[in-house]
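Overview (structure and organization)
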Amino acid sequence: MSNHSIALTAHKDYRGSKLGIWLFLITEITLFGGMFLLYSIYRSEYPQDFHHAAAELNTLVGTVNTLILLTSSLTMALSIAATHHGNRKLALIMLAITVLCGAGFMVNKYFEWGAKFHHHIYPGSEYLLAHPKGEVLFFGLYFTMTGIHGIHVLVGMVLLTVMFIRILGQPNSKVAFVAGHGLGEIEGCRMAFVDASDRVVWKGDEVDGSVQRIDVKTKFWPVKQRFKVADFNQLENSGLYWHIVDIIWIFLFPLFYLIT
Amino acid sequence: MSDHEHEEHAHEPVGYGLYFLTWFSLLVLTAITVAAAGMHFGNMSVVVALLIALVKASIVLWLFMHLKYEETIFHRLMWVVIFAMVVFIGMTFTDTLFR
């Protein structure tokens, strides 16, 4: 049968996928770079208004969120390191903490934005429009930039949750052997799986003239403390995204919360 | 498959300790940037804040994002972005500042 069977294995280019993620991250940097450019020009034009408006922001909440994101970056890196060390359990725990940190960040953001809305500070509010132009611009940039950053955190959380589920229990590789031609040679026989000592583990129906092809699909489930490259390649790429979200916050934090 | 696996393990697995050290240095830099903001450096305060942010971002890129262990193409990509951002921001400011 070996002469007529084809082993189907998907070609995976891990280096290429990593390069692809980096190229995507570059577009993210330029996306936020454009907004930072807008911020710096308006800030140089309305320095006093920016200082007054920034006084409205809660430095403590900003600092706490910075600590949360930095810690989540640590657990993310630890999760990837754990996969390299073959420690599946630690990888999953660290990944869960990372997602929880992201959730904590978003909860803080919810209360922070909620407080602003409560004080009638939101884009286009009459209260805000009565303020000097620079302050309106500051809050416009604040809601846009932290808002788009928040969406990125949410996307990262979804991505990491998917990774968590994948590592938790999905079969991590499938190989299918297909016998199409030359079935006549085994007509009238049964197909069987045997173990190492030739004991029959599974026996199929008789292959008669009506059988056009035989598909055998095998799934490999990771046993404890065993990882395939594909597992941590996807996790690494998701981790890169999570870290870039952290880097963007590293710049947002001093520019919005620390200019009083 | 074996080729890729070899590629993937081009560097030894990084120990956990380095990451804790990275995290700790980031926390220290955060404390410094918060403290520096309260010191009223005037116009220099934004420069100080941005410099610290750049150092923090570099640490994250170099260690957390494994740029330290990557091939040259990844480093070159970063320089392209940095160059592009400097050009974008620099050129725009030469316009707005001297208008």
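To start, this report covers the structure provided alongside it. (Residues numbered from 1 in each chain as written. Chains lettered and ligands numbered in written order. Predicted model: local features only at pLDDT ≥ 70, side-chain atom pairs only at ≥ 80, totals over all residues. Heavy atoms only, no water.)

Regarding the overall build of chain A
Short version of the rule: Counting from the N terminus, the helices are DSSP H or I runs at least four residues long and the strands are E runs at least two residues long. Buried means the residue's accessible area, taken with a 1.4 Å probe over protein chains only, is under 20% of the maximum for its type, while exposed means over 50%, and partly exposed covers the values in between. Only heavy atoms enter the contact rule, under which two residues are in contact if any of them lie within 4.5 Å. Surface accessibility follows the Shrake-Rupley procedure with a 1.4 Å probe radius. Residue values consider only the protein chains on display as shielding.
On a plain count of helices and strands, chain A comes out with 7 helices and 5 strands. Sequence-ordered secondary structure for chain A, helices as α and strands as β, is β-α-α-α-α-α-α-β-β-β-β-α. When the 260 residues of chain A are sorted by exposure, 47% land in the buried category. Within chain A, residue pairs in contact and separated by at least 24 positions form 81% of the contacts whose partners lie at least 6 positions apart. For chain A, the accessible area works out to roughly 13000 Å², and carbon and sulfur atoms hold 62% of it.

Regarding the side chain of T33 of chain B
Of note, T33 of chain B is situated in helix α2 (residues 16–37). Its relative accessible area of 4% is what places T33 of chain B among the buried residues. Ignoring anything within four residues of it in the chain, the contact list for T33 of chain B reads F253, P254 and L258 of chain A together with A49 and I52 of chain B.

Quick word on the environment of F256 of chain A
With respect to the element layout, F256 of chain A can be found in helix α7 (residues 229–257). Beyond its immediate stretch of four places on either side in the chain, F256 of chain A contacts Y39, A54, L57, F138, L141, Y142 and M145 of chain A.

Comments concerning the packing of helix α4 (residues 88–118) of chain A against helix α6 (residues 133–169) of chain A
Packed helices, taken two at a time, are described by their axes: the angle between them and the distance between them. Residue and element names in this part refer to chain A. Note the cut-off: Interaxial angles span 0 to 180 degrees and are taken between N-to-C directions of axes, which are lines fitted to C-alpha atoms, for helices over the stretch in contact. By definition in this entry, angles of less than 35 degrees are roughly parallel, angles greater than 145 are roughly antiparallel, angles of 65 to 115 are roughly perpendicular, and the rest are oblique. For any helix crossing, the convention is left-handed if the near helix is rotated counterclockwise from the far helix by under a right angle, and right-handed if that rotation is clockwise. Three classes are used, and their members are as follows: Ala, Val, Leu, Ile, Met, Phe, Trp, Tyr, Cys and Pro are nonpolar, Asp, Glu, Lys and Arg are charged, and the others, Gly among them, are polar.
At their nearest, the axes of α4 and α6 sit 9 Å apart, and the two run at 155° to each other. Viewed along their axes, α4 and α6 adopt a mutual orientation that is roughly antiparallel. In the packing of α4 onto α6, the handedness of the crossing is left-handed. Residues belonging to the contact of α4 with α6 are distributed by class as follows: 20 nonpolar, 8 polar and 4 charged.

Let's talk about the interface of chain A and chain B
Stated formally: What counts as buried area is the accessible surface, traced by a 1.4 Å probe, that two parts surrender upon association, with contributions from both included. Any Lys or Arg side-chain nitrogen found within 4 Å of a carboxyl oxygen on Asp or Glu counts as a salt bridge. Nitrogen and oxygen atoms within 3.5 Å of one another constitute a polar contact, given that in protein one can donate a hydrogen and the other can accept it, and given that sequence-neighbouring residues count only through two side-chain atoms.
With 52 residues of chain A in contact, the opposing surface of chain B contributes 46 residues. Summed over both partners, the interface of chain A with chain B comes to about 4400 Å²; 79% of that surface belongs to carbon and sulfur atoms. Contact with chain B buries surface across chain A, with R15, W22 and L74 of chain A losing the most and accounting together for 14% of the total. Our count for the contact surface shared by chain A and chain B stands at 2 salt bridges. Residues E71 of chain B and R15 of chain A are paired through a salt bridge, measuring 2.7 Å at the closest nitrogen-oxygen approach. Linking chain A with chain B are 3 residue pairs in polar contact (both at pLDDT 80 or more). Within the residue set of the side of chain A that touches chain B, elements represented by two or more residues are α1 (14–45), α3 (59–84) and α7 of chain A. Looking at the side of chain A that touches chain B, the element that brings in the most residues is α1 of chain A, giving 16 residues.

Quick look at the pairing of strand β3 (residues 190–194) of chain A
All names here are of chain A. Here is the rule we go by: Two strands pair under a simple rule: DSSP has to find at least two bridges between them.
Here β3 runs beside strand β4 (residues 200–206); their pairing, made up of 4 bridges, is antiparallel. Across the sheet, the residue bridging to A192 is K203, located in β4. Connecting β3 to the next strand, β4, in antiparallel fashion are 5 residues, including D198 with a positive phi near 65°.

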